[in-house]
Structure formats: structure tokens, C-alpha cells
Amino acid sequence: MTLRKIITVPNEVLRRNTHIVTNFDKNLKTLIDDMVETMRNAPGVGLAAPQIGILEQIVVIEFGDEEDEEAPKKLYTVVNPEITRMSNEKLMGVEGCLSVPGVVGDVERSLSIVVKGQNRNGQKVKYKLSGWVARIFQHEIDHLTGVLFTDLAESLWQPEEDYVDNV
Ligand code: NI
């Protein structure tokens, strides 16, 4: 596995649209492994392929339980993710992004979502998610169409310390 360089604003690559993945080959698996390693190293709780300069529809998310710090983290790898349902109920929360260093902001997101996509082998996956992990998914999937959380934030500020997990 190789650490990849995380691209930051104002790099225009972050604003581009991405391609659907059609080849579930060895290169894809290597890319996904690199994304996971790069996310963990950052450290972050999510990473989308455009953040390492790859314009393909891939997100990786690693989430620890909000309530139980001892619980094992769950790693999600979703290729060609698509949000098929979003709750009308929304929640404001503070987000930060590995590609927008030094800034956090209040973003309103759906409380629960359904995500469909494929795993690294091309098999269909479907996740029903709510809370913080649903927020991370919405943030990462926005990266696939060039949307950054700063576009959606109601307010932005520079935090005095790193109290937000970056994605
Ligand atoms: Ni981000």
C-alpha cells in the first residue's frame, strides 16, 4: 500500500465530475487499499477518490461508534455510491474536510439515508445509515460531483484546535 497525496483547495480537480467505475480489477483494489491507508494516516474518517486526484466514483469511510469507544471501527468501501433515499428530517452538524485545511462549518444534512453501490468486487451493496455516519457519506458523495462542504455551510470558522474528524 502507498500513501497518496491529499489535494487541497483551490486545486480545481476537487471541482470536477467523476467517472463511473466499470473495471473491478487489481488496479481498483490497489487504489482502494491506498485510499484506506491515506485516510487512516491523515487521519480522517472518510476519503473520496477526487481528494487524491482520481476522478472516479469511490469513497472509503471508517467509522467508530459514537457511544462506545471500545467498539471496533467499521470500514465501508463503496464504488459508484448513490443516495437513493434521504430523510426529510435534517440535522445541523460541524464538518471539516481533509481538502479544506483549517476550516470547519455548520452543515445541514439528512438524518438518515439509503446508499446503494458496489463493493470492491463489483457486488451490489446497500446501506441504511443514520446519524454521524450518514453525514460522512453525504459529505464524501458530494466530493464525487465537485461539491465541498464549504459550499453548503451556513457558517464557517477557523477552529482553535482539531475537534472535528476530517473527511
Ligand atoms: Ni471532504
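An account of the accompanying structure is given in this report. (Residues numbered from 1 in each chain as written. Predicted model: local features only at pLDDT ≥ 70, side-chain atom pairs only at ≥ 80, totals over all residues. Heavy atoms only, no water.)

A few points about the side chain of Arg135
Definition in use: To qualify as a helix, a DSSP run of H or I must reach at least 4 residues; to qualify as a strand, a run of E must reach at least 2; elements of each kind are numbered from the N terminus. Pairs of residues are marked as contacts when any of their non-hydrogen atoms sit within 4.5 Å.
Assignment of secondary structure puts Arg135 in helix H2 (residues 132-143). Each residue touching Arg135, except ones within four places of it in the same chain, is listed here: Leu91, Met92, Gly93, Glu95, Val107 and Arg109.

Re the nonpolar core
To keep things clear, this is the line we draw: For our purposes a nonpolar core is just a set of buried Ala, Val, Leu, Ile, Met, Phe, Trp, Tyr and Cys residues, chained together by side-chain atoms within 4.5 Å. With a 1.4 Å probe rolled over the protein chains alone, any residue whose accessible area is under 20% of its type maximum counts as buried; one over 50% counts as exposed, and the rest are partly exposed.
In this structure, Tyr76, Leu129, Val133, Ile136 and Phe137 are the most contacted members of the largest nonpolar core, which totals 20 residues. Looking at this core, the elements that each hand over two or more residues are strand E2 (58-63), strand E3 (74-86), strand E6 (112-118), strand E7 (124-130) and H2. The element contributing the most residues to this core is H2, with six residues. The next biggest cluster of nonpolar side chains, apart from the first, holds 14 residues, and it includes Val21, Leu28, Val79 and Leu98.

Here we look at helix H1 (residues 26-41)
For clarity, the cut-off: Each residue after the first adds 1.5 Å to the expected span of a helix. We call two N or O atoms a polar contact when they sit within 3.5 Å, provided that within protein one can donate a hydrogen and the other can accept it, with sequence-adjacent residues counted only if both atoms are side-chain atoms.
Taking 1.5 Å of rise per residue, the 16 residues of H1 would be expected to cover 22 Å, and the 22 Å separating its terminal C-alpha atoms lies within 8% of that figure. Among the residues making up H1, those that are buried are Leu28, Leu31, Ile32, Asp34, Met35, Val36, Thr38 and Met39. Sitting at the amino-terminal end of H1 is Asp25, which places a side-chain oxygen 3.3 Å from the backbone nitrogen of Asn27.

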